[in-house]
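Structure assessment
As a plain string of letters, each chain reads:
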Amino acid sequence: MPSEPLRRQSSSCRGLEEISVVSARMASIHESTTLKISAMAKKLTASGLDIIDMGVGEPDFDTPKSIVDAGCESIRKGETHYSPTAGIPELRKAIAEKLVRENSLRVTADDVTVTPGAKMAVFAAVQALLQEGDECVLIGPSWVSYEPCVAFSGARVAWGKVDENFMSSDLAASINSRTKLILVNSPSNPTGAVFNNAVLREISDLAIDHNLFVISDEIYEKIIYDNLHISIGSFPGMEERTVTINGFSKAYAMTGWRLGYLTGPKETMKWVNRLLSHSVSQATTFVQRAGVAALAGPQDEVASMVAEFRARRDLLVSGLRDMGIPCSIPGGAFYVFPNVSALGGGDAFTDRLLKEAQIAATPGSAFGPGGVDYVRLSYATSQIRIAQALERIEKLVK
Ligand code: PMP
Ligand code: GLU
C-alpha cells in the first residue's frame, strides 16, 4: 500500500478541495509481476536484445487450427452480439459433460458459468465468498493473482506450509475461526506440484470439519506428467462447498482468446453471475464457439503439447541439477521452481539472470513469502532456447 494516500486537486472552481485518487481497496492490490515481466521481456526483445523469455506462463504453441476455424466461422456467421452472462447453452453443456466425464463432478449445464479467462472466474468466486474479517488459506508459493483477489475482497491471506516437494503439510495449523476458504491449485503455478489423493483427502476433511469453502483452480489439469488429475470437488461432502475453476488458455494454447469457466454451489454461483453481469457481461460470443470446438474436437494436439513439455521439463531439471542447483521435479504445469538461496536468493538471482544472462524469469517472492529462496522458470519455450538458457546460467553460476 502506498505510504501516503495518492491525492489530486479537485477541478471544482469552489476552492481546492483534495480528494483521494485511489480507493483504499484498489491500493491494496499490486501490479501482476508475471504480466509486468512479460511486458518487459517483449520490450527488451523489441529493442534488439536476445532475451530468452522464461518469465511468463503462456504456451508457445499456436491455437489448434480446428479451434481457430470455429471462431472465425462464428464471426462470419454474425455471432457478434451479446449472449447470456453465464455463457452460450452449447458451451455450458459441453463443459458440464466434460466435468462429469473427466472430473466426476455431478453438474449440469445450469451449474456452469463461462468467463472471459479463468482469472475472472477466480476473481468473481473470491469476491462472492470472502469479506472483511475472513481468512483464505493459500498453500505455499501460489499464483500471483490469488493474494490480490483476496485483498480486494477485504479478507486476508494465511499461508499454509508445504514440504520440500511443495506438498501441503500441516494445513490444520493455518486454520482458525476466521478461515472461510482454502484455495487449491493442482497442478500448481509456480511449483508444478501435483496434489495426490491423500493430500486432497486431508484438505477435504479439514474443509468439512471446519465448514470451509474450497476453490480448486484446475487450469493446468491437462499439463500433467506422471499422476492422474483429481478434482477435490468430486470427494464426498465437497460438492456443496467447492468451486471448481478451469479454462482453455493452457490446455488449448488459447491465452489471448480469454475463455474460462467455473462451477460451484448454486447459491455461490448466483452471486458470481450477478457480479459478472455488472462487470464483464459475458465471455465474447464467438470465442465461446471456439471453446465448443476445443472440447468437441480431437485432443491429440493437447497430448503432443504435453509430450513436448515433458521433454523440456526433463532437459531443464537435469541441466539445473547438474550445476548443483536444487530443483524438485514438477509433476505438472510448465514451470520449474529451483532453490537459489545459495546464489543470493530469488530476487537477486532473477535480477542477475536478466542483466547478466538476458534471461527473463519471475522471482519466487512474487508468489508469496514462501517463495523468496526460489526463482520460477517457465519452460514454455523451445528446447533449443532452454539449452541456450542452461549454457548462460552455467556461466553465471561458475
Ligand atoms: N490460474 C492460474 C494458476 C494461472 O496460472 C493462470 C494463468 N494466467 C490463470 C488461473 C488464469 O488463466 P486465464 O485467465 O488465462 O484463463
Ligand atoms: N498465469 C501465467 C503466469 O503465471 C500468465 C500470466 C498471468 O496471468 O499471471 O505467468
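As a starting point, this report considers the structure included with it. Keep in mind that what you see is a predicted model, and the values were worked out from it rather than measured.

What counts as what
- Residues numbered from 1 in each chain as written.
- Chains lettered and ligands numbered in written order.
- Predicted model: local features only at pLDDT ≥ 70, side-chain atom pairs only at ≥ 80, totals over all residues.
- Heavy atoms only, no water.
- Phe/Tyr/Trp six-rings, centres within 6.5 Å; stacked < 30°, edge-to-face > 60°.
- Helix = DSSP H or I, 4+ residues; strand = E, 2+ residues; numbered from the N terminus.
- Buried < 20%, exposed > 50% of the residue type's maximum accessible area, 1.4 Å probe, protein only.
- Near = heavy atom within 4 Å.
- Polar contact = N/O pair within 3.5 Å; in protein donor to acceptor, adjacent residues only side chain to side chain.
- Areas by Shrake-Rupley, 256 points an atom, 1.4 Å probe, with all protein chains shown as cover.
- Nonpolar A, V, L, I, M, F, W, Y, C, P; charged D, E, K, R; others polar.
- Pairing = 2+ DSSP bridges.
- Right-handed = clockwise from strand over helix to strand, strands pointing away.
- Salt bridge = Lys/Arg side-chain N within 4 Å of Asp/Glu carboxyl O.

1. Some remarks on the packing of aromatic side chains
With the rule as written, the count across this model stands at 14 aromatic pairs. Between the aromatic rings of F61 and F309, the centroid separation amounts to 5.4 Å while the plane-to-plane angle is 75°, which identifies the pairing as edge-to-face. Here F61 is found in the loop between β3 (52-53) and α3 (65-76), whereas its partner F309 is found in helix α10 (residues 300-322), with 248 residues between them in sequence. For F309, a relative accessible area of 0% gives the class buried.

2. Side note on unusual backbone geometry
In this chain, S186 is followed by P187 through a cis amide linkage whose omega measures -10°. Looking at where P187 falls in the secondary structure, it is placed in the loop between β7 (179-184) and α7 (197-209). A positive phi angle, near 55°, is found at S104, a position not held by glycine. With respect to the helices, strands and loops of the structure, S104 is situated in the loop between α4 (89-103) and β4 (112-115). You will see that F166, though not glycine, has its phi angle at about 65°, which is positive. Following the sequence through the fold, F166 ends up in the loop between β6 (156-160) and β7.

3. Some points on the site of ligand 2
Around ligand 2, the structure places 13 residues, and the nearest of them are T34, G57, K119, N189 and R376. Note that an oxygen atom of ligand 2 is positioned 2.9 Å from one of the side-chain N or O atoms of N189. Burial of ligand 2 by the surrounding chains reaches 90%, relative to a free accessible area of 280 Å². Here the residues of the shell around ligand 2 sort into six nonpolar, four polar and three charged.

4. What about the pairing of β6?
Two strands pair when backbone bridges link them, and strand β5 (residues 135-139) and β6 are joined in this way by five bridges, in the parallel orientation. In the sheet register, V137 faces β6, and the bridge partner there is A158. Taken together, β5, helix α6 (residues 146-153) and β6 form a β-α-β motif whose crossover is right-handed.

5. Examining the sheet that holds strand β13 (residues 362-363)
In space, the three strands of this open sheet follow the order β11-β14-β13, with antiparallel pairing throughout. Either end of the sheet is taken by a strand with one partner, and the two such strands are β11 (335-336) and β13. Bridging between β11 and strand β14 (residues 375-378) involves two bridges; their strand directions are antiparallel. The residue of β14 that forms the bridge with Y335 is S378.

6. Focus: the pattern of salt bridges
Oppositely charged side chains are able to pair whenever their charged atoms sit close together. A complete count under the given rule lists 24 salt bridges for this structure. Of the charged contacts, one joins K98 and E221 as a salt bridge, the two residues approaching to 2.9 Å between their closest N and O atoms. Here the residue K98 occupies a position in helix α4, and E221 occupies one in the loop between β8 (213-217) and β9 (242-247), the gap between them amounting to 123 residues. Per residue, the accessibility class of K98 equals that of E221, and both read buried. When salt bridges that share partners are traced, they join K98, R101, E102, E221 and K222 into one network.

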